[in-house]
Amino acid sequence: MDEICLIIGGPQGSGLETSMSILGYAFARKGYWFIADREYFSNITGRHSYIHLCVSTLPVSSLRYPVDILAAADAETIFTHFDELSIGGVLIYDKGVLGKKLEDIPSIEDTTRERIAGKIKELGIQPTVSSIVNHLESSMSVKAVGVDYQVLLRGLAAKYTIDPKLLSRYVSGIIVAMISLVLGLRKEVSQDAVSRFFRGRPIIAEQNNALIDSIYEMYSELAGIVSLDTPTARPGKLMVVTGNDIVAIGKIVAGVRLQSYYPITPAADESFLLEKYQVIEADEGVIGPIIVFQTEDEIAAVSSIIGASLTGARSSTSTSGPGFDLMVEGLSYAGMNEAPIVITYYQRGGPSTGQPTRGSQSDLLNAVFAGHGEFARVVLSSGDHVEAFYDTIDAFNIAEKYQVPVIHILDKFLANSLVTITPPDPGRAEIERGLLSSGGPNYKRFDSSKLISPRAFLGAKDTVMWYSGDEHNEYGHIEEDPVNRIKMYSKRIEKLELIRKELPLEKKITLLGHDNPDFILVGWGSTKGVSLDAIRALGKEGMRGAYVNLKLLWPFPGEEFRSILERFDKEKIIFVEHSYGVSLRHLVAMSTGLIIEKNIAKFTGRPLTREEVVAGVKKIIMGETLRVVAFHGA
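What you see is a predicted model, and the numbers here were worked out from it, not measured in a lab. (Residues numbered from 1 in each chain as written. Predicted model: local features only at pLDDT ≥ 70, side-chain atom pairs only at ≥ 80, totals over all residues. Heavy atoms only, no water.)

**With respect to the overall build of the chain**
Item 1. Looking only at helices and strands, the chain features 21 helices and 23 strands.
Item 2. Computed over the C-alpha atoms, the radius of gyration of the chain is 26 Å, within 12% of the 26 Å expected from 2.2 N^0.38 for a compact globule of 634 residues.
Item 3. If one aligns the C-alpha atoms of the chain with their principal axes, the spans along those axes are about 80 × 60 × 50 Å.
Item 4. Burial statistics for the chain: of 634 residues in total, 58% are counted as buried.
Item 5. Long-range pairs, those at least 24 residues apart, make up 74% of the contacts in the chain with a sequence separation of at least 6. (Helix = DSSP H or I, 4+ residues; strand = E, 2+ residues; numbered from the N terminus. Rg over C-alpha atoms; globule rule 2.2 N^0.38 Å. Buried < 20%, exposed > 50% of the residue type's maximum accessible area, 1.4 Å probe, protein only. Contact = heavy atoms within 4.5 Å.)

Here's what the structure looks like:
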């Protein structure tokens, strides 16, 4: 097989993220590509969580169902995901849960329990783990691999004198070992990945590697029962990163000097990585320092970066929907005072607290229009991890060149997905700081002789400047004269047309896929990967597809967008988005006059999968419907 997908499930806090990272390192070392999504509840521990991972001999950018391997840390995982396992797949489970009944699992929500019970009843089996395992073996030709977790854990505890209360932490090690074994990975590859992940904690690494030794010896007959093809060409160096990681790395390369944040899911991990690398010692010298500042709230977070930016420091903050809402007054202040700041906006399920650990793209219009009054801002989106790196650097360049706030809008799917990528090239990163001034007597911070006023920094010698939330004149003094109002207000807003005109096409919009398509998918952000993979899958069935990847969402590149889509039959166009309203359709209609009804939407908080897009495209182009609402995922 050139691609294998799997689910690892268990209670939140049981080490699933560790399993994901260790397997990722092992796959990368062998030259495989992978993508892994982490789905979890917003509580700290206990509720059901799972990793959905696909590994391939070729670059892969999306997830699919059914999966080939289901690895269960507990009974709840089996009840929740048993019907997502493919015919002939492999189930890895703990023999100790065979007697568990559906009614014995208190953490399952009532609605979910009823839905699972309905599926089980339709199959005519009992609501027990043992009955489900028997069904999978007899009706689905599944290879059910029962492992005695407690025997393995007791053996480990005896060897290393581990407190029995801590043994549950090592279940993830059992799962990593079993998955590696059934995929035919040499144990040395997995052990190297374990040592890499636990570097600095050699005892933990040793204990987990001892588990791998035991499992490879006890279950040797299972080695390679799921055959993953050998990569035909080694890709060279690979990075294993999340979206949070790559944005943080992009900020370091961009020269950020202040990152503020108030902890919020799924944005906080970005700041945690920046804290880890506040000062970097490199061959070229010391990089940094970066001040990473945890504030008392989001209002303070945005206010602090505005102040830092006025001193000349590249400054940013990261947040998600509820935090961004609190930042809006500061955003308007930055717009009024032409302050170059960057807000990294990771969308999650709303409204209100909504689904704090689930994904969404429903905040598009919030990013574009939030704020009182009219002012220039730029909204950039990234379709994948590599784009996110370069877009992060572009965000700072655009902010400083045009002296506007820039919102880099991403989502939980990209933030929390762990992937292998070819390392981005920092040499491609150009730093552009815009028009600068040394100031001096009679310095006009808001000189209206040009749209972009030369910028002096607070503290410049013999320079006085004023920053007010009120309307002001060229010096910054409060002034409400109507002539001055027209001049200053227009100066700020007309930057939008300048930005739209000067940004190169590839930073605004790209067309990917077939030149003469049977259908055209239009999207932004993380729908890029799943759309392109769906296009490739449909191509094998003789259907030609293309994807319009919108990167600049505001100011909207209406002329370029129209020129691309007017080449094709309007009836072939399908929007793809993680939201109920498919907000991009409304932004397009407002900016271009084009009304497009056909769309594939998903708003469960779970990522769109490849087969959902494939099925949605088929239904729409066959004329069965104008709209498909996808819902797969536990």
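Next comes the rest of the account.
**Quick word on the side chain of Thr77**
Item 1. Its place among the elements puts Thr77 in helix H2 (residues 75-81).
Item 2. The exposure class of Thr77 is buried, given its relative accessible area of 0%.
Item 3. Residue contacts for Thr77: discarding those within four places in its chain leaves Gly9, Gly10, His48, Leu70, Ala71, Ala72 and Phe82.

**Section: the sheet that holds strand S13 (residues 342-347)**
Item 1. With mixed pairing, the seven strands of this open sheet are ordered in space as S11-S8-S12-S13-S15-S14-S20. Here the strands that pair on one side only, and so sit at the sheet edges, are strand S11 (291-294) and strand S20 (552-554). The mean angle between the axes of side-by-side strands here comes to 25 degrees, regardless of whether they run parallel or antiparallel.
Item 2. Inspection of the sheet shows strand S8 (residues 258-261) paired to S11 by four bridges, in the parallel sense. (Pairing = 2+ DSSP bridges. Axes fitted to C-alpha atoms, helices over the stretch in contact; angles between N-to-C directions.)

**Section: the sheet that holds strand S16 (residues 418-421)**
Item 1. The eight strands are arranged S6-S5-S4-S1-S3-S2-S16-S7 in an open sheet whose pairing can be described as mixed. The open sheet terminates on both sides in strands that have one partner only, identified here as strand S6 (143-147) and strand S7 (239-242). Neighbour-to-neighbour, the strand axes of the sheet open up by a mean angle of 15 degrees, direction not taken into account.
Item 2. Pairing analysis gives five bridges linking strand S5 (residues 85-94) to S6, with the strands arranged parallel. Residue pairing for S6: Ile92 is matched across the bridge by Val145.
Item 3. Sheet strands touched by helix H1 (residues 16-29): strand S1 (3-11), strand S2 (33-39), strand S3 (48-56), S7 and S16. Its angle to S3, the strand with the most contacts, is close to 10 degrees.
Item 4. The strands that helix H6 (residues 171-182) touches are S1, strand S4 (67-72), S5 and S6; relative to S4, the one it contacts most, it runs at about 150 degrees.

**Digging into unusual backbone geometry**
Item 1. Following Thr265, the chain continues to Pro266 via a peptide bond in cis, the omega torsion being 0 degrees.
Item 2. Of note, Pro266 is situated in the loop between S8 and helix H10 (268-276).
Item 3. Following Gly350, the chain continues into Pro351 via a peptide bond in cis, with omega recorded as -5 degrees.
Item 4. By secondary structure assignment, the location of Pro351 is in the loop between S13 and helix H13 (364-369).
Item 5. If you check the backbone angles, Glu338 has positive phi at about 50 degrees while not being a glycine.
Item 6. Relative to the elements of secondary structure, Glu338 occurs in the loop between helix H12 (321-336) and S13.
Item 7. Residue Glu338 is classed as buried on the basis of its relative accessible area, which comes to 1%.

**Let's talk about the environment of Ile78**
Item 1. By secondary structure assignment, the location of Ile78 is in helix H2.
Item 2. It is 14 Å that separates the C-alpha atoms of Ile78 and Ile175, two residues lying 97 residues apart in sequence.
Item 3. Contact partners of Ile78, with chain neighbours within four places excluded, come to Ala72, Leu91, Tyr93, Val97, Val129 and Ile132.

**Some details on the pattern of salt bridges**
Item 1. All told, the structure shown has 37 salt bridges when counted by the stated rule.
Item 2. Here Glu188 ties to Arg186 by a salt bridge, and the two come within 3.3 Å at their closest N and O atoms.
Item 3. One salt bridge connects Asp394 with Lys507, and the closest N-O pair in it is separated by 2.9 Å. Of this pair, Asp394 sits in helix H14 (residues 385-402) while Lys507 sits in the loop between helix H17 (495-502) and strand S17 (509-513); the two residues are 113 residues apart in sequence, bridging distant segments of the chain. (Salt bridge = Lys/Arg side-chain N within 4 Å of Asp/Glu carboxyl O.)

**Digging into the pairing of S1**
Item 1. Judged by how many residues are buried, S1 sits mostly within the fold: eight of nine residues are covered.
Item 2. One ladder, built from four bridges, connects S1 with S4; its direction is parallel. If you follow Leu6 over to S4, its bridge partner there is Ile69.

**A look at the pairing of S5**
Item 1. The element S5 is extensively covered by neighbouring structure, given that eight of its 10 residues are classed as buried.
Item 2. Sheet topology places S4 next to S5; four bridges connect them, and they run parallel. Residue pairing for S5: Ile69 is matched across the bridge by Val90.
Item 3. As a crossover connection, the stretch from S4 through H2 into S5 is right-handed. (Right-handed = clockwise from strand over helix to strand, strands pointing away.)

**Here we look at the packing of aromatic side chains**
Aromatic ring pairs are reported here in terms of the distance separating the ring centres and the angle at which the planes meet.
Item 1. This structure, assessed with the given rule, holds nine aromatic pairs.
Item 2. Its end group placed over the ring of Phe41, Arg47 keeps NZ or CZ at 4.0 Å from the ring centre.
Item 3. Residue placement shows Arg196 over the ring face of Tyr25; its charged tip is 4.6 Å from the ring centre. (Phe/Tyr/Trp six-rings, centres within 6.5 Å; stacked < 30°, edge-to-face > 60°. Lys NZ or Arg CZ within 6 Å of the ring centre and 35° of its normal.)

**A few points about the side chain of Gln403**
Item 1. Inspection of the secondary structure puts Gln403 in the loop between H14 and strand S15 (406-411).
Item 2. Judged by relative accessible area, Gln403 falls into the buried class, the value being 1%.
Item 3. Among the polar contacts listed, one links the side chain of Gln403 to the backbone oxygen of Ser453, at a separation of 2.6 Å.
Item 4. Once residues within four sequence positions are removed from consideration, Gln403 is found in contact with Glu338, Ala339, Pro340, Ile398, Leu435, Arg445, Ile452, Ser453, Arg455 and Lys495. (Polar contact = N/O pair within 3.5 Å; in protein donor to acceptor, adjacent residues only side chain to side chain.)

So, to be careful, I would describe these as geometric facts and stop short of saying anything about function.
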